[in-house]
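Secondary and tertiary structure notes
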Amino acid sequence: QVRLVESGGGSVQAGDSLRLSCVTSGISLSTTYMAWFRQAPGKEREFVAAISPSDVYIDYAASVKDRFTISKNNGKNTVTLQMNALKPEDTAGYYCAAGSNEKVDPRGTGEWLYWGQGVQVTVST
């Protein structure tokens, strides 16, 4: 059984940083593409960042590039999203997603096989 459990969300001020973690079980991060998505109220879920099993391929949404960093620790079964210089528009529920060992277009939510329950990030001015 695959489980993805996010943590690290919270309420912060604009310009602050947060570090989200996704602890996985039932999959191997050395053979699985992983991603973060987010969803704001009334909006569709959108791609944030993705990382390949080998860490060679990393992709970011334009809106977070140079501010967010995705990484993973295969031995600890954990995927991390470091978020710096947060803006009010980053306010959303953040979701960890797991795919397969095949590279897909990361921006499509239908490409991802497993999802976490999400964690809320709120950024105020």
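Cut-off values and rules
Residues numbered from 1 in each chain as written. Predicted model: local features only at pLDDT ≥ 70, side-chain atom pairs only at ≥ 80, totals over all residues. Heavy atoms only, no water. Helix = DSSP H or I, 4+ residues; strand = E, 2+ residues; numbered from the N terminus. Rg over C-alpha atoms; globule rule 2.2 N^0.38 Å. Core = buried A, V, L, I, M, F, W, Y, C linked by side-chain atoms within 4.5 Å. Buried < 20%, exposed > 50% of the residue type's maximum accessible area, 1.4 Å probe, protein only. Contact = heavy atoms within 4.5 Å. Polar contact = N/O pair within 3.5 Å; in protein donor to acceptor, adjacent residues only side chain to side chain. Pairing = 2+ DSSP bridges. Disulfide = S-S within 2.5 Å.

1. Quick word on the overall build of the protein chain
Helices and strands together make up the secondary structure of the protein chain, namely 0 helices and 11 strands. Its helices and strands in sequence order give the protein chain the pattern β-β-β-β-β-β-β-β-β-β-β, from N to C terminus. Its C-alpha atoms give the protein chain a radius of gyration of 13 Å, within 12% of the compact-globule value 14 Å for 125 residues. For the protein chain, the spread of C-alpha atoms along the three principal axes comes to 40 × 25 × 25 Å.

2. Considerations on the nonpolar core
Counting residues in each nonpolar core, the largest one holds 36 residues, and the members touching the most others are M34, W36, L81, M83 and Y94. Of all the elements in the fold, those that place two or more residues in this core are strand 3 (18–25), strand 4 (34–39), strand 5 (46–51), strand 7 (68–73), strand 8 (78–83), strand 9 (92–98) and strand 11 (119–124). Excluding residues that lie within four positions of it along the chain, L81 makes contacts with L18, R19, L20, W36, V48, A49, F68, T69, I70 and Y94.

3. Description of the side chain of T78
Mapping T78 onto the fold places it in strand 8. In this structure the side chain of T78 is engaged in a polar contact, spanning 2.8 Å, whose partner is the backbone oxygen of K76. In this structure, T78 is in contact with S21, C22, V23, L29, S71, K72 and N73, ignoring residues within four places of it in sequence.

4. Focus on the pairing of strand 1 (residues 3–7)
Of the two faces of strand 1, only the one carrying L4 and E6 is buried; R3, V5 and S7 on the other face are not. Pairing analysis gives 5 bridges linking strand 1 to strand 3, with the strands arranged antiparallel. Counterpart to L4 in the pairing with strand 3 is T24.

5. Topic: the state of the cysteines
Per the counting criterion, the structure on display carries 1 disulfide. Two residues, C22 and C96, share a disulfide whose sulfurs are 2.2 Å apart. Between C22 and C96 the sulfur-sulfur dihedral comes to about -80 degrees; the bridge is accordingly left-handed. Here C22, found in strand 3, pairs with C96, found in strand 9; they are 74 residues apart in sequence, far enough to count as distant. Its relative accessible area of 0% is what places C22 among the buried residues.

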